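If you want the building blocks of each chain, they are given just below.
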Amino acid sequence: MCTFLRDWLLRQPRLVPLEAVPAGSAEARRRFPGLDHGATLDEITVVGDAGQVYRGPAAWVVTLWALREHRPLAHRLSTPAGARLARGAVLAAAKWRGAQWHGGRPGPGQWGGRVYRRADGWAYDPGADWTHTAPGCADGTCAPR
């Protein structure tokens, strides 16, 4: 999650305690050993006090539910139609954040702009967007299908 949003969340009056733990960090791995830490780098992940795991739009809804002034919105977004709206809002926020990068270089306090690679062959490069290289084809020698 970007630092701007994290800081905003932590400034909000809460009905439920929130604690931001950097995705993929040593602290996250220590506290949540059973969590798929690679997936936490792909989308927001929320771990509840009883070990519930929420990802993507559901994680945003749960996060809003914890905030005093946004709980009514969380209830509206918890419906199937609301979940689609939440997903659209998350994608719009991600697009806005991407537009804040200047030539693939982050501004002050933003992500460092390195290429992020997933095990399934997908990679994100801020200068080139998402790309896919089929497993076993990283050196470009794959046989055509």
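Cut-offs applied
- All residue numbers refer to position in the chain's written sequence, counted from 1.
- Local features in this predicted model are restricted to residues whose pLDDT is 70 or higher, and side-chain atom pairs enter the listing and the counts only when it is 80 or higher, whereas totals over whole chains, interfaces and linings include all residues.
- Hydrogens and water molecules were not included; the side-chain quantities draw on all heavy atoms of the structure.
- Numbering of helices and strands runs from the N terminus; a helix is a DSSP stretch of H or I covering at least four residues, while a strand is a stretch of E covering at least two.
- In this scheme, a residue with accessible area under 20% of its type's maximum is buried, one over 50% is exposed, and one in between is partly exposed, where area comes from a 1.4 Å probe on protein chains only.
- Contact definition: two residues touch when any of their heavy atoms are within 4.5 Å.
- The accessible surface values rely on the Shrake-Rupley method and a 1.4 Å probe; as for residues, cover is taken only from the protein chains in view.
- Centres within 6.5 Å make a pair out of two Phe, Tyr or Trp rings, where for Trp the six-membered ring is used; the pair is then stacked when the planes are under 30 degrees apart, edge-to-face when over 60, and tilted otherwise.
- The criterion is that NZ of a Lys, or CZ of an Arg, lies within 6 Å of the ring centre and within 35 degrees of the ring normal, and then a charge sits over that ring.
- A pairing counts as a salt bridge when a side-chain nitrogen of Lys or Arg comes within 4 Å of a carboxyl oxygen of Asp or Glu.

Asks: Please provide a residue-by-residue account of the overall build of the chain, values included.
Replies: What the chain contains, in helices and strands, is six helices and five strands. In the chain, the succession of α and β elements from N to C terminus is α-α-α-β-β-α-α-α-β-β-β. Within the span of the chain, comprising 145 residues, buried residues form 23% of the whole. The long-range fraction of contacts in the chain, counting pairs at least 24 apart against all pairs at least 6 apart in sequence, stands at 30%. Counting only carbon and sulfur atoms, one obtains 57% of the accessible surface of the chain, whose full area is about 10100 Å².

Asks: If you had to explain the side chain of T63 to someone new, which residues and values would you point to?
Replies: Considering the arrangement of structural elements, one finds T63 in helix α4 (residues 57-66). Not counting chain neighbours up to four residues away, the residues in contact with T63 comprise L9, L18, I44 and V46.

Asks: Pulling in residues and values, what's your account of the packing of aromatic side chains?
Replies: Counting across every chain of the model gives zero aromatic pairs. R71 extends its terminal NZ or CZ atom over the ring of W65, reaching a point 3.7 Å from the ring centre.

Asks: How would you summarise the pattern of salt bridges if you had to cite specific residues and measurements?
Replies: Scanning all chains against the criterion turns up four salt bridges. When the shortest N-O distance is used, the salt bridge between E27 and R30 registers 3.0 Å. With a gap of three residues between them, E27 and R30 both fall in helix α2 (residues 26-31), about one helical turn apart. The exposure class assigned to R30 is exposed, which follows from its relative accessible area of 57%. With a shortest N-O distance of 3.7 Å, R31 and E27 are connected by a salt bridge. A residue pair is termed a helical-turn pair when its members lie 3 or 4 positions apart in one helix, as R31 and E27 do in helix α2 at four residues. Exposure remark for R31: the relative accessible area of 30% places this residue in the partly exposed category. Assessed through its relative accessible area of 33%, E27 is described here as partly exposed. Counted as one network, the salt bridges with shared partners bring together E19, E27, R30 and R31.

As far as function goes, none of this settles anything; it's purely spatial.
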